[in-house]
Amino acid sequence: MTDDAYLFLLDDASAPLGVPPAAVGELACMETPAVRAWLDAHEAAPTSPHLRLLPPEETAAIPEGAERLPVPLSDEELSRVRHQRAPESLARLEDELLAYRETANGRDDLITRALAAGVPPHRIVELTGVDPATVSAAADG
């Protein structure tokens with residue numbers, strides 16, 4: 001697994017793989033000379049429906065032979081990419097997990113629901129800021 005996210009080009013713009021960078025909002029990497037040169041070399045616009053982005057843990061899904069470029073993302077940018085990738089029901093749970101930072105009320109129930117819905121433990125820790133041991137205990141319990 002790489003620590004970089006990847007920009008890549010899909011032949012079929014209707015394929016449900018990755019996130020169009022424009023859907024994530026502003027990304028600092030899109031303004032770098034490397035990304036601009038790569039886009040120019042492939043005659044692709046930053047808003048092209050063929051241009052996609054995947055977080056580091058999902059880059060193995062990029063089709064073999066697809067044009068790709070590793071791009072560094074800030075923690076906040078990476079969080080937005082992951083949130084955009086989540087199905088709607090998981091995205092709602094992630095919103096609740098983010099809101100949890102403001103209150104501890106119902107923590108165990110929220111963590112249990114998130115685990116049951118398939119939110120990975122590392123993502124729960126990232127969103128809530130709770131101790132990883134707390135999430136592990138909920139997963140084991």
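Residues numbered from 1 in each chain as written. Predicted model: local features only at pLDDT ≥ 70, side-chain atom pairs only at ≥ 80, totals over all residues. Heavy atoms only, no water.

**A short note on the nonpolar core**
- Within the largest apolar cluster, 19 residues are counted, with the highest numbers of intra-cluster contacts made by L7, M30, V35, L53, V71 and L73.
- Of all the secondary-structure elements, those providing two or more residues to this core are β1 (5-9), α2 (33-41), β2 (51-54), β3 (68-71) and α3 (75-85).
- The contacts of L53, once residues within four sequence positions are left out, are A5, Y6, L7, F8, G18, V19, P21, L27, V71, L73 and V81.
- One finds L93, I111, V119 and V130 within the second-largest nonpolar core, a separate group that totals 11 residues. (Core = buried A, V, L, I, M, F, W, Y, C linked by side-chain atoms within 4.5 Å. Buried < 20%, exposed > 50% of the residue type's maximum accessible area, 1.4 Å probe, protein only. Helix = DSSP H or I, 4+ residues; strand = E, 2+ residues; numbered from the N terminus. Contact = heavy atoms within 4.5 Å.)

**Overview of α2**
- Listing the buried residues of α2 in full gives V35, W38 and L39. All buried residues of α2 lie within an arc of 100 degrees about the axis, which places them on one face of the element. The exposed set on the far side of α2, more than 90 degrees from its buried face, consists of P33, D40 and A41.
- As for α2, its buried residues are in contact with β1, β2 and β3. (Arc of directions from axis to C-beta.)

**Details of the pairing of β2**
- Covered by surrounding structure in β2 are L51 and L53 together with R52 and L54, the residues of both alternating faces.
- Where β1 meets β2, 4 bridges bridge the pair, whose relative direction is antiparallel. When the sheet's bridge partners are listed, F8 is paired in β2 with R52. (Pairing = 2+ DSSP bridges.)

**A closer look at the packing of α3 against helix α6 (residues 121-128)**
- Between α3 and α6, whose axes approach to 12 Å, the crossing angle comes to 125 degrees. By the criterion of interaxial angle, the relationship of α3 to α6 is oblique. As α3 packs across α6, the resulting crossing turns out to be left-handed. Residue-level inspection shows S79, R82 and H83 of α3 in contact with α6, the latter providing R123, E126 and L127. (Axes fitted to C-alpha atoms, helices over the stretch in contact; angles between N-to-C directions. Parallel < 35°, antiparallel > 145°, perpendicular 65-115°, else oblique. Left-handed = near helix turned anticlockwise from the far one by under 90°.)

**What to know about the sheet that holds β2**
- Overall, antiparallel pairing links the 3 strands, which are arranged β2-β1-β3 in an open sheet. Looking along the sheet, the strands with just one partner apiece sit at the ends: β2 and β3. Sheet twist, expressed as the average angle between the axes of neighbouring strands with direction ignored, equals 25 degrees.
- Pairing between β1 and β3: 4 bridges, direction antiparallel. Following the sheet pairing, Y6 is matched in β3 by P70.
- Strand contacts of α2: β1, β2 and β3, with the helix running at about 170 degrees to β3, the strand carrying the most contacts.

**Comments concerning the packing of helix α5 (residues 107-117) against helix α7 (residues 132-140)**
- Look at α5 against α7: their axes get within 10 Å of each other, and the N-to-C directions meet at 65 degrees. Here α5 is positioned roughly perpendicular relative to α7, judged by the angle of their axes. Once α5 is placed against α7, the crossing between them reads as right-handed. Facing α5, whose interface residues are R107, I111 and L115, α7 presents T134, V135, A138 and A139.
- Considered class by class, the residues forming the contact of α5 with α7 number 5 nonpolar, 1 polar and 1 charged. (Nonpolar A, V, L, I, M, F, W, Y, C, P; charged D, E, K, R; others polar.)

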